[in-house]
Amino acid sequence: MKDTTTYILTHFSDDDDDIPLSGKKYVSDEKTKKNRQLGILFTIIGALFSSSASVSIKLAEQVVPVLQVLWFKFIVMFFLVGGVVIMGRKSLDVEGKTMYLFVRSCSENIAMSLVLFAVMYLPVGEATVVMFFSMSLFMVLMAAIFLKEPLSCRIYIALVFGLSGVFLLANPEEIIVNKSFSISKMYGLGAGVGHGLFRATSSIMIRKLGTDVDSKVVVFYHSFFGLVIFTSLILLGVLYSFVSGNFLLADEFFVRIDDSFLLAICLSIGVLMFICQSFATKGTQICDSSIVATVRNVSIVFSFCYQVLVFGEVPSIYAAVGTVFIGIAIGLIVTDKN
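Every value quoted in this text rests on a predicted model; they were computed, and no experiment measured them.

Rules of the game
Residues numbered from 1 in each chain as written. Predicted model: local features only at pLDDT ≥ 70, side-chain atom pairs only at ≥ 80, totals over all residues. Heavy atoms only, no water. Phe/Tyr/Trp six-rings, centres within 6.5 Å; stacked < 30°, edge-to-face > 60°. Lys NZ or Arg CZ within 6 Å of the ring centre and 35° of its normal. Axes fitted to C-alpha atoms, helices over the stretch in contact; angles between N-to-C directions. Helix = DSSP H or I, 4+ residues; strand = E, 2+ residues; numbered from the N terminus. Parallel < 35°, antiparallel > 145°, perpendicular 65-115°, else oblique. Left-handed = near helix turned anticlockwise from the far one by under 90°. Contact = heavy atoms within 4.5 Å. Nonpolar A, V, L, I, M, F, W, Y, C, P; charged D, E, K, R; others polar. Buried < 20%, exposed > 50% of the residue type's maximum accessible area, 1.4 Å probe, protein only. Core = buried A, V, L, I, M, F, W, Y, C linked by side-chain atoms within 4.5 Å. 1 Å grid on protein atoms, 1.4 Å probe; cavity = no way out; pocket = protein on both sides within 12 Å on 5 of 7 lines; lining within 4 Å. Points joined across faces, edges and corners; volume = space filled by probe spheres on them.

*Asks:* Help me understand the packing of aromatic side chains, please; the structure alone is not making it clear to me.
*Replies:* Given two aromatic rings, one states the distance between the centres and the angle between the planes to describe the pair. With the rule as written, the count across this model stands at 10 aromatic pairs. The positively charged end of lysine 73 is found above the aromatic ring belonging to phenylalanine 74, 4.0 Å away from the centroid.

What follows is the structure, given as structure tokens:
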């Protein structure tokens with residue numbers, strides 16, 4: 001246990017200078033195995049905090065405008081990760097990889113915006129199903145095309161179980177038999193699929209960056225670009241409302257929060273997403289995209305748990321079976337020795 005804890009702590013330093021030259025191949029093989037194990041662990045932790053953030057978003061968006069929720073998130077993330085970067089004396093020089101960071105940040109910011117719309121029109125559990133179902137498909141496809149990542153037979157089987165579990169969680173009886181699609185649900189589904197596409201693009205950009213760029217620096221640039229973008233959008237929206245003379249329109253972009261509990265919820269989104277981004281980014285850097293895409297589906301299980309505990313919405317029998325399928329998929333990946 002001590003060795004594992006030590007490895008986790010030292011692995012976040014992104015410093016491989018202490019690896020001896022002798023026994024390089026053995027060390028490399030061992031590190032690859034540990035990278036996969038840690039990548040899976042970090043992805044699961046990131047998924048847990050992502051689901052927790054979705055609950056806070058669901059609670060906040062009922063009162064606070066969407067852009068303002070995102071603005072709070074990036075303010076908190078920027079100062080938290082900025083403090084970590086300063087204390088760790090990390091270099092912000094990315095050696096010509098600024099474009100990857102910018103595309104990654106824009107993709108992630110669009111994806112996070114679509115999360116708000118998805119949970120606005122769908123229950124948290126269903127929204128998470130759609131987002132991660134589409135993200136898994138897009139991510140595996142992009143990884144095979146752009147990164148040339150090989151897929152073992154075991155990964156294919158795990159992906160089938162994972163996607164089958166996601167499909168069951170989506171309640172196929174309601175979709176296929178009852179065909180109960182409302183306009184608002186279509187908006188939620190569209191936002192969920194869009195989130196999957198942009199989130200997959202963000203993950204591919206992280207893989208393109210490689211491990212040369214510290215994961216905390218990646219999160220720093222993400223929060224910086226996000227803060228600039230959403231601050232600009234809020235200011236433009238408020239300015240337009242005053243120029244047009246429609247002062248009530250300003251409330252659609254920014255409202256005064258007098259409730260301390262609601263303010264705490266908004267700030268908690270930033271803290272939760274900071275933790276989520278830190279672990280998820282590191283996990284994506286050191287683990288194959290196909291594995292990350294499948295393991296991230298565990299977020300669906302967490303979301304359904306929150307759906308029951310926080311919102312009192314009981315999932316169907318399909319959700320229970322789907323959860324088991326996702327557990328099988330993750331088990332296949334964790335026990336894969338290749």
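*Asks:* Any chance you could explain the packing of helix H9 (residues 215-244) against helix H10 (residues 260-286) here in plain terms?
*Replies:* Two numbers describe a pair of packed helices, the interaxial angle and the distance between the axes. The contact between H9 and H10 brings their axes to 9 Å, and the two run at 125°. The angle between the axes of H9 and H10 places the two elements in the oblique class. Between H9 and H10 lies a crossing of right-handed hand. Taken together, the residues of H10 that come into contact with H9 (itself represented by Ser215, Val218, Val219 and His222) are Gln277, Ser278, Thr281, Lys282 and Gln285. For the contact of H9 with H10, the per-class residue count stands at two nonpolar, six polar and one charged.

*Asks:* Would you explain the side chain of serine 52 in this entry?
*Replies:* As for its position among the elements, serine 52 is in helix H2 (residues 24-60). For serine 52, a relative accessible area of 13% translates into the label buried. In this structure serine 52 touches Leu272 and Tyr306, once residues within four positions along its chain are discounted.

*Asks:* Just to check I follow, could you spell out the nonpolar core for this structure?
*Replies:* If you look at the biggest cluster of nonpolar residues, it comprises 53 residues, and the most contacted ones within it are Ile57, Tyr221 and Met273. Ignoring anything within four residues of it in the chain, the contact list for isoleucine 57 reads Met112, Val115, Leu116, Val119 and Ile269. If you look at the next biggest cluster of nonpolar residues, it comprises 16 residues, including Met139, Ile204, Cys287 and Val292.

*Asks:* Would you take a moment to explain empty space enclosed by the protein for this structure?
*Replies:* The gaps left among the atoms become clear once a water-sized probe is rolled over them. Using the criterion set out here, one finds three cavities of 30 Å³ or more in the structure. If you add up the space inside the largest cavity, you get close to 90 Å³. Lining the largest cavity are 13 residues, and of these Ser50, Ser54, Val115, Met131 and His195 lie nearest its centre. Each residue belonging to the lining of the largest cavity can be placed in one class, and the counts come to five nonpolar, seven polar and one charged. The volume enclosed by the second largest cavity comes to roughly 50 Å³. Surrounding the second largest cavity, Thr43, Gly46, Ala47, Ser50, Phe132, Arg199, Cys276, Ala280 and Arg296 form its lining. Those elements giving two or more residues to the lining of the second largest cavity turn out to be H2 and H10. The element that contributes the greatest number of residues to the lining of the second largest cavity is H2, accounting for four residues.

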